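Geometric and topological summary
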Amino acid sequence: MRRYGLAVVGAVAAGALVLGTGGAAWAGDADLEVHGSAMMSGGVMEVRLTPANLGPDAVADASVRLSWSAALADEQRLPAACARTGDREVVCGTGPLAVELPGEQLVVPVRLRERPSEVTLAVDVAWSGSAVDHDRTNDRQRVLVLATGDPYAF
């Protein structure tokens, strides 16, 4: 049985609910988005992404979900901020996101189980640090990545 970072995922889920004396605390309004690039060669895909917060309020932490149309190899070396959550999925923490400033760039290399000629990558905001995001249209990106070694922007 494989483990996909259940402890990290549980911590992210537990952090999603901030309790005060009156119940769940409101963390403000934030408009989160993610942009970056992905390239694939020899069954390895490298995703570079930069989260951003268009405001109006800062976010203490958020997470993004990366999903592939092809299965990931069983063994992965993911960055410390990331946890594998499924056969084709990884979730990464962004850290704090100030208003109108880019967040820290995440570089996520993954090995695919096979060597496909193309893979669709979906990137979306999985958790916005309990902030309300009224514009969800920029939370999700999709890109078709060909096994050419060229970067494909999203």
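The structure under discussion appears in the preceding block.
Summary of the structure given here. Everything numeric here is computed off the predicted structure, so don't read it as measured data. (Residues numbered from 1 in each chain as written. Predicted model: local features only at pLDDT ≥ 70, side-chain atom pairs only at ≥ 80, totals over all residues. Heavy atoms only, no water.)

A closer look at the overall build of the protein
When helices and strands are tallied, the protein shows one helix and 11 strands. Sequence-ordered secondary structure for the protein, helices as α and strands as β, is α-β-β-β-β-β-β-β-β-β-β-β. In the protein, buried positions account for 38% of the 154 residues. Contacts spanning at least 24 positions in sequence make up 73% of the contacts within the protein whose residues lie at least 6 apart. Approximately 8,300 Å² of the protein is accessible, and the part contributed by carbon and sulfur atoms is 55%. (Helix = DSSP H or I, 4+ residues; strand = E, 2+ residues; numbered from the N terminus. Buried < 20%, exposed > 50% of the residue type's maximum accessible area, 1.4 Å probe, protein only. Contact = heavy atoms within 4.5 Å. Areas by Shrake-Rupley, 256 points an atom, 1.4 Å probe, with all protein chains shown as cover.)

As for the pattern of salt bridges
Enumeration according to the criterion identifies eight salt bridges in this entry. Of the charged contacts in the structure, one is a salt bridge between Asp74 and Arg113, with a shortest N-O distance of 3.2 Å. Residue Asp74 is located in the loop between strand E5 (63-68) and strand E6 (82-86), and its partner Arg113 is located in the loop between strand E8 (106-111) and strand E9 (118-127); the two are separated by 39 residues in the primary sequence. On the basis of relative accessible area, Arg113 is assigned to the partly exposed category, the value being 40%. In this structure, Asp139 engages Arg136 in a salt bridge whose closest nitrogen and oxygen atoms are separated by 3.1 Å. On the basis of relative accessibility, which here comes to 3%, the residue Asp139 falls in the buried class. (Salt bridge = Lys/Arg side-chain N within 4 Å of Asp/Glu carboxyl O.)

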